[in-house]
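Coordinate analysis (summary)
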Amino acid sequence: MSNDRSVHVDLADRGYDILIGSGVLSKLEAVLNPMHSKGARRAFVLVDSGVPDRFADQITTITQSLGIKSTLATITPTESIKSIQTYQSLLVHIASTGHSRVDPVIALGGGIVGDLAGFVASSYRRGVPVIQCPTTLLSMVDASVGGKTGFNLRITNPDGSEDLLKNLVGAFWQPQCVIADIDTLDSLDPRQRRSGLSECIKHGFISAGVGQEGLLDWMIQHLDAISSFEPATMAELAERNVALKASVVALDEREDTSKLGGRMLLNFGHTFGHAIETLDNLSPDPSNPSLAPLHHGEAVALGMVAACRAAEHASGLDPEIGNEMISILKHAGLPVQVGGLPSNQDLVERMSHDKKATANTIRVVIPTSRGKCIVVEDAPVESLEAGFDAIRA
Ligand code: GLY
């Protein structure tokens, strides 16, 4: 495979390329050029405060060279900032620049920045172009590809308690292009990097069922290089994972809920994971509570273990699948158990708040064999509880 990699998301007139490699942010110029020809004169750039300045500076230099005036807005990404208030202030900001319908929004950051920028782009003036420049492994292999955008909503329950419902409001809005510059990964702390590996491991465990046989074994063969973030391996890891995500999205762009398959399979680990991700007392290291709350990838790792164990209880899944999952997650430095979980009843209730739940059922993705998963709507509550028991430290 060459140094610069590209994967096409085949969505007819909404199709686009994902460019992957070291230094590929420079290709933004070629992406913006045709937009400039169609009249783009401004760009609104939403930047993650954790991304080194040189990447935002590079975007400014490229836009200036084309005669496009860029406005930068910076946010520090947290789940609570992914809110309707931030969305509103971004809309007010972009409107104040005189941004037109042909001017692009550019997201430079992880999934929170990409989701917010994408939703602003989907709704401002009924839709303007968005270019996703993901800077975390998680957003490169998952969040930036496939057009999911949105924000979290905080609700007050009848008993007065509050819940943060993740990604409850949003839209599908495909980007014009995704530019995944592997150099941006150097700025991530080790915990963020490991969190991204969780989505790659998820892809491995659904790969055979979506025509991407071999991904799980390739990752296992390269696990040392992956766990130590060896740059050439990271580019190949990103390309292989993006290819999986692109193929799933191409067949099921809008997550058709009648299919019980397709894009929904990408939610493996997520329904269990979302139930624990927004509990702010949970730490990925039981001996270090100050690491709370869980990062998304850590919650997904725990959620995948819970899903394997739930499937053993519900449908007799071979326990070796869960054991292999645990061994890979541990090798990658991800948690497989967590202390401080609330009661199973609370956790199952929190699962039913997940947006994958339908009126009366909780939809979960569970493995059926190595590399294959299915979506079920009728998992017995006892099996969901057995899943949570398995991750309780
Ligand atoms: N992250 C799951 C999806 O994009 O469908």
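Residues numbered from 1 in each chain as written. Predicted model: local features only at pLDDT ≥ 70, side-chain atom pairs only at ≥ 80, totals over all residues. Heavy atoms only, no water.

**Re the overall build of the protein**
- Summing up its helical and strand segments, the protein has 14 helices and 11 strands in all.
- A compact globule built from 393 residues would reach a C-alpha radius of gyration of about 21 Å, and the protein, at 20 Å, matches this within 12%.
- Each principal axis of the C-alpha atoms in the protein carries an extent, and together these give about 60 × 50 × 40 Å.
- Of all 393 residues assigned to the protein, the portion counted as buried reaches 55%.
- Put simply, 75% of the contacts in the protein that link residues at least 6 apart link residues at least 24 apart.
- Counting only carbon and sulfur atoms, one obtains 50% of the accessible surface of the protein, whose full area is about 15,600 Å².
- Charged side chains of the protein number 33 positive and 46 negative; the gap between the two group centres comes to 7 Å. (Helix = DSSP H or I, 4+ residues; strand = E, 2+ residues; numbered from the N terminus. Rg over C-alpha atoms; globule rule 2.2 N^0.38 Å. Buried < 20%, exposed > 50% of the residue type's maximum accessible area, 1.4 Å probe, protein only. Contact = heavy atoms within 4.5 Å. Areas by Shrake-Rupley, 256 points an atom, 1.4 Å probe, with all protein chains shown as cover. Lys, Arg positive; Asp, Glu negative; His and termini not counted. Charge placed at Lys NZ, Arg CZ, Asp CG, Glu CD.)

**Concerning the site of the ligand**
- Around the ligand, the neighbouring residues are Asp142, Lys148, Lys245, Glu255, Arg263 and Leu266.
- The separation between a nitrogen atom of the ligand and a polar side-chain atom of Asp142 is 3.0 Å.
- Between the ligand and Lys245 there is a distance of 2.5 Å, counted from an oxygen atom to a side-chain nitrogen or oxygen.
- Compared with its free state, where it exposes 200 Å², the ligand has 89% of that area covered by protein.
- In terms of residue class, the shell around the ligand is made up of one nonpolar, no polar and five charged. (Near = heavy atom within 4 Å. Polar contact = N/O pair within 3.5 Å; in protein donor to acceptor, adjacent residues only side chain to side chain. Nonpolar A, V, L, I, M, F, W, Y, C, P; charged D, E, K, R; others polar.)

**Brief notes about the pattern of salt bridges**
- Counted by the stated rule, this structure contains 21 salt bridges.
- With a shortest N-O distance of 2.5 Å, Glu253 and Arg14 are connected by a salt bridge. Pair noted here: Glu253 is in the loop between helix 9 (231-251) and helix 10 (270-277) and Arg14 is in the loop between strand 1 (5-9) and strand 2 (16-21), with a separation of 239 residues, a long-range link.
- Taken together, the shared-partner salt bridges in this structure form one network comprising Asp142, Glu199, Lys202 and Lys245. (Salt bridge = Lys/Arg side-chain N within 4 Å of Asp/Glu carboxyl O.)

**Regarding the pairing of strand 1**
- Across the two faces of strand 1 the burial differs, with Arg5, Val7 and Val9 buried and Ser6 and His8 not buried at all.
- Two successive antiparallel strands, strand 1 and strand 2, enclose a turn made up of six residues, where Ala12 displays a positive phi of approximately 45°. (Pairing = 2+ DSSP bridges.)

**A word on the pairing of strand 3 (residues 42-48)**
- Within strand 3, six of the seven residues are buried, which leaves it mostly tucked inside the rest of the structure.
- When strand 3 meets strand 4 (residues 69-75), the two strands line up parallel, connected through seven bridges. What sits directly across from Arg42, in strand 4, is Lys69.
- Handedness of the crossover joining strand 3 and strand 4 through helix 2 (residues 53-66) is recorded here as right-handed.
- As defined by bridge partners, strand 3 adjoins strand 5 (residues 105-109) across four bridges and the pair is classed as parallel. Bridging from a neighbouring strand, Val45 pairs with Ile106 of strand 5. (Right-handed = clockwise from strand over helix to strand, strands pointing away.)

**Observations regarding the packing of aromatic side chains**
- Within this structure, the stated rule accounts for four aromatic pairs.
- Their ring planes at 70° and their centres at 5.6 Å tell us that Phe119 and Phe151 sit as a pair that is edge-to-face. With a gap of 32 residues between them, Phe119 in helix 4 (residues 111-123) and Phe151 in strand 7 (residues 148-156) connect regions that are remote in the sequence. Note on accessibility: Phe119 and Phe151 belong to one class, buried.
- Aromatic pair Phe272 and Phe388: ring centres 5.2 Å apart, planes at 65°, arrangement edge-to-face. (Phe/Tyr/Trp six-rings, centres within 6.5 Å; stacked < 30°, edge-to-face > 60°.)

**Considerations on the packing of helix 1 (residues 28-37) against helix 2**
- At their nearest, the axes of helix 1 and helix 2 sit 10 Å apart, and the two run at 35° to each other. The two elements helix 1 and helix 2 cross, and the hand of that crossing is right-handed. Here Leu28, Glu29, Leu32, Asn33 and His36 of helix 1 lie close against helix 2, whose contacting residues are Ile59, Ile62, Thr63, Ser65 and Leu66.
- Of the residues that constitute the contact of helix 1 with helix 2, the class distribution is five nonpolar, four polar and one charged. (Axes fitted to C-alpha atoms, helices over the stretch in contact; angles between N-to-C directions. Left-handed = near helix turned anticlockwise from the far one by under 90°.)

**Describing empty space enclosed by the protein**
- Taken as a whole, this structure holds five cavities of 30 Å³ or more when the rule is applied.
- Here the second largest cavity is characterised by a volume of approximately 50 Å³.
- Considering the residues around the second largest cavity, the lining is formed by Gly109, Gly110, Gly111, Gly114, Asp115, Gln132, Pro134, Ser139, Ala143, Ser144 and Lys148.
- When residues of the lining of the second largest cavity are traced back to their parent elements, those giving at least two are helix 4, strand 6 (130-134) and helix 5 (137-143).
- With three residues, helix 4 is the single largest residue contributor to the lining of the second largest cavity. (1 Å grid on protein atoms, 1.4 Å probe; cavity = no way out; pocket = protein on both sides within 12 Å on 5 of 7 lines; lining within 4 Å. Points joined across faces, edges and corners; volume = space filled by probe spheres on them.)

**A short note on the nonpolar core**
- In this structure, Phe268 and Ile276 are the most contacted members of the largest nonpolar core, which totals 82 residues.
- In contact with Phe268, other than residues within four places in its own chain, are Lys202, Phe205, Ile206, Val300, Met304, Ala307, Cys308, Met325, Val365, Pro367 and Cys373.
- Counting 24 residues, the second largest nonpolar core, distinct from the first, contains Ile68, Ile106, Cys177 and Ile179. (Core = buried A, V, L, I, M, F, W, Y, C linked by side-chain atoms within 4.5 Å.)

**Re unusual backbone geometry**
- Omega for the bond connecting Ala292 with Pro293 falls within 30 degrees of zero, at 0°, which places this linkage in the cis form.
- Here Pro293 is to be found in the loop between helix 10 and helix 11 (296-315).
- At Arg126, a residue that is not glycine, the phi angle is positive and equals roughly 60°.
- On the accessibility criterion, Arg126 (76% relative accessible area) is exposed.
- Despite not being glycine, Glu255 shows a phi value in the positive range, around 50°.
- In this structure, Glu255 sits in the loop between helix 9 and helix 10.
- Since its relative accessible area comes to 13%, Glu255 is described here as buried.

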